[in-house]
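The chain contents come next:
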Amino acid sequence: MSTSTSPDTQLRLLAVHAHPDDESSKGAATMAMYAASGVEVMVATCTDGSRGDIQNPAMESAPHPKRDMAGARRLEMKQAASVLGIKQRWLGFVDSGLPDGDPLPPLPSGCFALQPLERAAAPLVRLVRDFKPHVMVSYDENGGYPHPDHIMAHKVAVEAFDAAGDPERYPGTGEAWEPIKLYYDRAFSPERFRALHFALEEAGLQSPYAERLAAWLEADAEGHTPPRPTHLTTTQVDCGDYFEARDDALRAHRTQIDPLGFFFAVSPEMQRRAWPWEDYTLVHSRIPTELPEKDLFAGLR
């Protein structure tokens, strides 16, 4: 096993995402900021996104995604990575789709979410040992939201973080490398949505977050605050200067993102005033660090 944190070390960040477009809606400004500062940033995309539906009305008549959704999303991912200034690797699994119905139908045979954990994690362990990240970021146990691919992405990220440094595990996938810190992304934190909601209301603008906040308030017995999340924010990265890059990366995913939709309801300038951070939970650190943090590489620099 080898891990280096000397002053001359090239710092590296690996973000594990379920589908192409997830990297642009979760932590994109953080990645763009770090990449611009000289950190080497990589996104591991677990699936091909082939079972995604067209979410952008302007793309409903486009022939390419109807003929080859995975191919269309591959081109979108390439453009988004270029916008953010990051590298990206495909782990090679097939999108599981989002089951709908009552009862829910079974997942498609051979999809990512149905893979045995060691088979699903092996390509990521290989990537960790090759790329040698100091920091890894992924989703919490609920996948950020309970899509089967997001939940499996969480599982493989935790497995790779734990296993990549052990030379006895996953033989044949490269020389052992032990990442130092693991974070869960909190892109959809209630605190952030409340701040953006009130910023819109104060500006006399309609908020698309009202229904979501109402559901959170209903879950609170006294109706005062959103329910306490499973994981609290430990780390806020001030990356507001890169909100435009994040939005441009999102718009690159033309099949999945409506440029007039939810993600663009609050201008970057208003977001910088109301909530100029992206939020994370430090789940595991192999070095001492003091909370709260303002840097995913706190303790490593």
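Residues numbered from 1 in each chain as written. Predicted model: local features only at pLDDT ≥ 70, side-chain atom pairs only at ≥ 80, totals over all residues. Heavy atoms only, no water.

Q: Now, about the packing of helix H4 (residues 69-84) against helix H9 (residues 243-252): what can you tell me, with residues and values included?
A: Between H4 and H9, the shortest axis-to-axis distance is 8 Å and the interhelical angle comes to 170 degrees. When the interaxial angle is binned, H4 and H9 end up roughly antiparallel. On H9, the residues that touch Glu76, Gln79, Ala80, Val83 and Leu84 of H4 are Ala245, Arg246, Asp248, Ala249 and Ala252. Looking at the contact of H4 with H9 residue by residue, the classes come out as 6 nonpolar, 1 polar and 3 charged. (Axes fitted to C-alpha atoms, helices over the stretch in contact; angles between N-to-C directions. Helix = DSSP H or I, 4+ residues; strand = E, 2+ residues; numbered from the N terminus. Parallel < 35°, antiparallel > 145°, perpendicular 65-115°, else oblique. Contact = heavy atoms within 4.5 Å. Nonpolar A, V, L, I, M, F, W, Y, C, P; charged D, E, K, R; others polar.)

Q: Describe the nonpolar core, listing the residues and the values that go with them.
A: Grouped together as the largest cluster of nonpolar side chains are 33 residues, with contacts concentrated most on Leu13, Tyr34, Leu296 and Phe297. The element best represented in this core is helix H2 (residues 28-36), accounting for 7 residues. Aside from chain neighbours lying at most four places away, what touches leucine 296 is Leu13, Thr30, Tyr34, Val135, Val137, Lys181, Tyr183, Thr235, Val237 and Tyr280. (Core = buried A, V, L, I, M, F, W, Y, C linked by side-chain atoms within 4.5 Å. Buried < 20%, exposed > 50% of the residue type's maximum accessible area, 1.4 Å probe, protein only.)

Q: So what's going on with H9? Residues and values would help.
A: For H9, the tally of buried residues reaches 7 of 10 residues, placing the bulk of the element in the interior. Considered for burial, the residues of H9 that qualify are Phe243, Ala245, Arg246, Asp247, Ala249, Leu250 and Ala252.

Q: Which residues make up the sheet that holds strand E5 (residues 181-185), and what values go with them?
A: Spatial ordering of the open sheet is given by E3-E2-E1-E4-E5-E7-E6, a layout of 7 strands whose pairing is mixed. Both outer strands of the open sheet, strand E3 (87-93) and strand E6 (235-238), are each paired with one neighbouring strand and no more. Ignoring which end each strand starts from, the neighbouring axes of this sheet average 25 degrees apart. H4 contacts strand E2 (40-47) and E3 of the sheet and is inclined by roughly 155 degrees relative to E3. (Pairing = 2+ DSSP bridges.)

Q: Can you explain the packing of aromatic side chains? Please cite residues and give values.
A: This model, assessed by the stated rule, comprises 9 aromatic pairs. Measuring from ring centre to ring centre gives 6.4 Å for tyrosine 183 and tyrosine 280, while their planes differ by 80 degrees; the resulting arrangement is edge-to-face. Of the two residues, tyrosine 183 sits in strand E5 while tyrosine 280 sits in strand E7 (residues 277-285), which places them 97 residues apart along the sequence. Neither residue differs from the other here; tyrosine 183 and tyrosine 280 are each classed as buried. Ring centres of tyrosine 209 and phenylalanine 262 lie 5.3 Å apart, and the angle between their planes is 85 degrees; this geometry places the pair in the edge-to-face category. In this pair, tyrosine 209 is assigned in the loop between helix H7 (190-202) and helix H8 (210-218) and phenylalanine 262 in the loop between H9 and helix H10 (268-274), connecting sequence segments 53 residues apart. Exposure remark for tyrosine 209: the relative accessible area of 4% places this residue in the buried category. Judged by its relative accessible area of 29%, phenylalanine 262 falls in the partly exposed class. Every member of this aromatic cluster is reached through a ring pair, and the members are Phe188, Phe193, Tyr209, Phe262 and Phe263. For arginine 192, the ring lying beneath its charged end belongs to phenylalanine 193, and the centroid distance is 5.8 Å. Residue placement shows arginine 246 over the ring face of phenylalanine 243; its charged tip is 4.4 Å from the ring centre. (Phe/Tyr/Trp six-rings, centres within 6.5 Å; stacked < 30°, edge-to-face > 60°. Lys NZ or Arg CZ within 6 Å of the ring centre and 35° of its normal.)

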